[in-house]
Amino acid sequence: MNITIIGGGAWGTTLAQVLTDNGHQPLIYDINQTTIDIINTHRHPFYDCQIPTNIKATNHLDEALAFADWLVLSMPSKAVRDALSAIKPHLFRPVVIINVAKGIEPDTSKRISEITKEVIPPEFLKGYVVLTGPSHAEEVILRRPTLLVSASEDEALAKQVRQVFNNEDYLRIYTSTDVIGCELGGAVKNAIAVISGACTGLNLGENARAAVITRGIVEIVRVVEAMGGRKETAFGLTGIGDLIVTASSEHSRNFRAGKKIGQGMTVAQIYAEEKQTIEGIRTIEAMHHLAAQKGIELPLIEAAYGILQGRVSASEATSHLLKRTLKSEDF
Ligand SMILES: NC(=O)c1ccc[n+]([C@@H]2O[C@H](COP(=O)([O-])OP(=O)(O)OC[C@H]3O[C@@H](n4cnc5c(N)ncnc54)[C@H](O)[C@@H]3O)[C@@H](O)[C@H]2O)c1
């Protein structure tokens, strides 16, 4: 089947290869002409490799929307609202939105499913699916074994998306109906990965990193439960699984950004160096607002927010965390 991918970056172009491997025809739409030109010469825009010749890219939104009624959103989460607003006037039939972006809107604390339902009128939204899980694009492009979850309130649609993306050689897809849990797990783990990276940058040791990852899971569970998702989802691929792959890997931009923060760089300096998305920094801000609104206890996120705001140094934040009131670990 035909599938349009909105955003041909590291992940979008990699998913295009998955789709061609599975016998489908993707068309990539992107706003960056250099990216489009690279894809149209059959190269990956971020990795030094060829991509299948039937992957094409365009900067014409009308062409992209006429091509397919399944749209994969694969841009930074901060671009999603604007991208959907640009898409809306060009829609002439209902579409299925498959979101692969991982993030929360800082000002509104909204998930991407909520933003989608806000921007796209119901008569043009046939369904919404989030496809997420532990997946470094640089490994999927090499067809290394990877597991994802296709989650939708419409279980039949989640299964259809599973069918289209699943590849018996390297990409195994599970389904879920817990969209809230899957979206929040994928977003909050990026924030915890920044903190885990900061721990490494501060040279605090592996004990400290294990502590951050484990207590990070507790914070993911608290957010998921407070927002109406299922706690068990946080213990699956989209929560703990994605946290494991992100929170200790140099492949992860979030981990690397945190490491630089631990080494004393400011967020402005990091953004000046890194041209790709660092979702976790924005998610820390979003989680700080959400925690205040909903009364959720998120000490790691709060410590990271203080550092990002320049209110405390990374070592002061560590000291503050260690001096918190002693507690039981019982859930
Ligand atoms: N890179 C990965 O390994 C990976 C894996 C799973 C999920 N994700 C998630 O996927 C999302 C995209 O990540 P990425 O690594 O591909 O980012 P990226 O920065 O490599 O690419 C994003 C692409 O989106 C394009 N874009 C931005 N605004 C747009 C708009 N309005 N319309 C169309 N295109 C637009 C950019 O030009 C760019 O080509 C992020 O939310 C990320 O968390 C990434």
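The structure displayed is predicted, hence computed values, not measured ones.

Next up on the list: the packing of helix H8 (residues 179-201) against helix H15 (residues 299-308). It is at 10 Å that the axes of H8 and H15 come closest, and there the two elements cross at 65°. Pair H8 / H15 crosses with left-handed handedness. Where H8 approaches H15, its residues Ala-191, Ile-192 and Ile-195 are matched on the opposing element by Leu-300, Ile-301 and Ala-304. Looking at the contact of H8 with H15 residue by residue, the classes come out as six nonpolar, no polar and no charged.

Let us now look at the domain arrangement of the protein. Assigned domains of the protein: these are domain 1 (2-177) and domain 2 (180-322). Averaged C-alpha coordinates put domain 1 and domain 2 at centres separated by 25 Å. Counting from both sides, the interface comprises 31 residues of domain 1 and, opposite them, 30 residues of domain 2. Taking both sides of the interface into account, the surface hidden between domain 1 and domain 2 amounts to around 2500 Å²; carbon and sulfur atoms contribute 60%. Summed over the shared surface of domain 1 and domain 2, the result is two salt bridges. Between Asp-242 and Lys-102 there is a salt bridge, with its nearest N and O atoms 2.8 Å apart. Seen at the junction of domain 1 and domain 2, the total is nine residue pairs in polar contact (both at pLDDT 80 or more). Mapped by element, the contributors of at least two residues to the side of domain 1 that touches domain 2 are helix H4 (77-87), helix H5 (112-119), strand S6 (125-132), helix H6 (137-140), strand S7 (146-151) and strand S8 (171-176). A total of four residues in the side of domain 1 that touches domain 2 trace back to one element, the largest contributor, which is S7.

Time to look at the site of the ligand. Inspection of the region around the ligand gives 26 residues, with Trp-11, Asp-30, Ala-137, Arg-253 and Glu-279 positioned closest. Asp-30 places a polar side-chain atom, nitrogen or oxygen, 2.6 Å from an oxygen atom of the ligand. A distance of 2.7 Å separates an oxygen atom of the ligand from a polar side-chain atom of Glu-279. Isolated, the ligand exposes 830 Å² of accessible area, and the fraction of that covered by the protein chains is 88%. Of all the elements in the fold, those that place two or more residues in the shell around the ligand are helix H1 (10-21) and H4. Per-class residue counts for the shell around the ligand are 13 nonpolar, nine polar and four charged. Looking at which domains feed residues into the shell around the ligand, each of domain 1 (2-177) and domain 2 (180-322) supplies at least three.

Rules and cut-offs
- Residues numbered from 1 in each chain as written.
- Predicted model: local features only at pLDDT ≥ 70, side-chain atom pairs only at ≥ 80, totals over all residues.
- Heavy atoms only, no water.
- Axes fitted to C-alpha atoms, helices over the stretch in contact; angles between N-to-C directions.
- Helix = DSSP H or I, 4+ residues; strand = E, 2+ residues; numbered from the N terminus.
- Left-handed = near helix turned anticlockwise from the far one by under 90°.
- Contact = heavy atoms within 4.5 Å.
- Nonpolar A, V, L, I, M, F, W, Y, C, P; charged D, E, K, R; others polar.
- Domains from an automatic or database assignment.
- Buried area = accessible area lost by both parts, 1.4 Å probe.
- Salt bridge = Lys/Arg side-chain N within 4 Å of Asp/Glu carboxyl O.
- Polar contact = N/O pair within 3.5 Å; in protein donor to acceptor, adjacent residues only side chain to side chain.
- Near = heavy atom within 4 Å.
- Areas by Shrake-Rupley, 256 points an atom, 1.4 Å probe, with all protein chains shown as cover.

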